[in-house]
Amino acid sequence: MKKSNGSQKLITVIILAAVSFVLLLAFSWSTSPFFRFPGNDSAVFKLLGQWMAKGLVPYRDFFDHKGPIIPLVEYIGYGLTGTKWGLLVLQTIALTISGLAFYCTAKLFFKQMRSIFMAIAGLLLCIIYLSLDGGNISEEWVLPFLAWSIYLFVRNIISEKKSYGSALLFGITLAVCAFTRLTNAVGLVIMIAFGIGYMISKKQWKELLKQALIFIAGVCVITIPISIWFVINGALGEMIYATFIYNVKYAAYNASGLDMAHILLNVARFLGPVVVAIIMSIILMIRKKKVRKDGKQFFVSAFLCVALVVSALQHLRSAMYSHYLYVAIPLMVVTVIMFINEMESSKKRWAMRIVMTIMDLLILVNLIGIGIQTYQTHQDSRSGQFRRAKFYVSPEVAQDIKNHIPKTSRDNFVAYNIDSTFYLGSGLTSCYKNFNKQDFQCQYDSSMENGFVKDLESKKAEYILVRPIVSRFNPLIRKNYKKCYQNRNLILLRKK
């Protein structure tokens, strides 16, 4: 029997790993060898990993507002193969681990084969929210931690298990979320609040204290090594500023600048599955409370409802990037699993089937949309003109610009408001900490703007690459630099 169970587990891992790899190969456009698509955030992240490999220290030598786990993952991925294949390997591992968490959640309610199919459905849901930014998004690296944390929370409540390992994982997960992007932790924080409330309602004071201490230990497992590394490299303050202080200001940006068509499309396409999952969780709460009188599953349903509602509201008040909802996928997967289980034992099955059919249709429409966009991206890869990366700089253009900068001056260069694909294609680094889309980044923090002005006034950069558009710091740049070369819409300026 043990051998049979071991074989089943191995087969499950192989199936989910194979499915994850194939899906990423087809839909993670920025890391798949089938596409030349650079990605948006992905292009920046890949650059951070390459610069770390060159010995540069994040936040001290270059600025990005994502937490330190992102450049670390990119550094490891780049180090594996020296190409984006290494990132694809790490993505496959992360998605497989998440799929296993979905499988274990389904196993709480269903048998082996059905649980595998539900896990695969969860992987498809991941692909919907992952692919629109080309893959290699910050949320990918926290999803395995979130998926397993939510699975263990649900299992512990339903089976009334005490698991100190769970508390340790919750602490680790919170730290991982915090050191990628703070908002990734929203669902987890709600889960922890519900867990504390559950133990308080049971008057489990000693247990609560033990769990809290183990949770803090979990946070320290991630926080202490990261902090020590940045202290050694003299960049702890810069890391804290970028990861937490600046990120809070950035997160305060809302959708007020978006056009209505974009908002409606976003709500219908990406927020739609979340809204249906909220409806499912409300139905579950009603049935568990009034029909089943199952207090434990009612409690889980209430947690899912609150976490999904907060995730939806957070998305609405943000810039509404589809990948922001990636961290809500474990919540949706658990909700759908519990809903199907309840539907199959309900006398009013037809009413619940309507809700399930709406969810199926939304996912199907999204998958069709992703398929169309994948074909378009493949065509774009042939032409070298990417409609989803309009500021893309080809390696050929980047190398041409580089060749017009003397070798002795290449360490004293910065690209102003130029896409990070220029750095990827040229192999150059920036002599200023703010290297990428400076106008965009400076609008959130006056101290950053003041710092960039000081950099420009220092005239350390002997060459600056700009575009022929009106920009915030153009007058200051034009005062001290003159045109020396132009390739298409990229202008290379030399210090006067």
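These lines cover the structure that appears in this document, whether it is placed above or below. Not measured: the values here are computed from a predicted model.

### Re unusual backbone geometry
(1) Moving on: The residue Asn136 is not glycine, and still its phi comes out positive at about 55°.
(2) Moving on: Considering the arrangement of structural elements, one finds Asn136 in the loop between α5 (112-131) and α6 (143-159).
(3) Moving on: We note that Arg488 has phi near 55°; this positive angle belongs to a residue other than glycine.
(4) Moving on: Following the sequence through the fold, Arg488 ends up in the loop between β3 (481-487) and β4 (490-495).
(5) Moving on: With relative accessibility at 62%, the residue Arg488 sits in the exposed group.

### Thoughts on the pairing of β4
(1) Moving on: Summarising the sheet, strand β2 (residues 463-466) and β4 pair through 4 bridges and their orientation is antiparallel. Opposite Leu465, over in β4, you have Leu492 as the bridge partner.
(2) Moving on: With antiparallel pairing between neighbouring strands as the criterion, β3 and β4 make up a hairpin whose turn holds 2 residues, including Arg488 at a positive phi of roughly 55°.

### Description of the pairing of β3
(1) Moving on: One ladder, built from 6 bridges, connects β3 with β4; its direction is antiparallel. Its bridge partner lying in β4, Tyr481 is registered against Lys495.

### Focus on the nonpolar core
(1) Moving on: With 148 residues, the main nonpolar core has Tyr129, Phe303, Phe413 and Phe422 as its most contacted residues.
(2) Moving on: When sequence neighbours within four positions are dropped, the list of residues in contact with Phe303 reads Ile150, Phe153, Gly187, Ile190, Met191, Phe194 and Leu331.
(3) Moving on: Counting 5 residues, the second-largest nonpolar core is a separate cluster that includes Trp29, Phe35, Phe37 and Phe386.

### Examining the environment of Leu108
(1) Moving on: Locating Leu108 in the fold gives a position in the loop between α4 (85-107) and α5.
(2) Moving on: In this structure Leu108 comes out as partly exposed when scored by relative accessible area, which is 33%.
(3) Moving on: Along the chain, Leu108 and Leu208 lie 100 residues apart, while their C-alpha atoms are 25 Å from each other.
(4) Moving on: Setting aside chain neighbours within four positions, we find Leu108 in contact with Tyr151, Val154 and Arg155.

What counts and what doesn't
- Residues numbered from 1 in each chain as written.
- Predicted model: local features only at pLDDT ≥ 70, side-chain atom pairs only at ≥ 80, totals over all residues.
- Heavy atoms only, no water.
- Helix = DSSP H or I, 4+ residues; strand = E, 2+ residues; numbered from the N terminus.
- Buried < 20%, exposed > 50% of the residue type's maximum accessible area, 1.4 Å probe, protein only.
- Pairing = 2+ DSSP bridges.
- Core = buried A, V, L, I, M, F, W, Y, C linked by side-chain atoms within 4.5 Å.
- Contact = heavy atoms within 4.5 Å.

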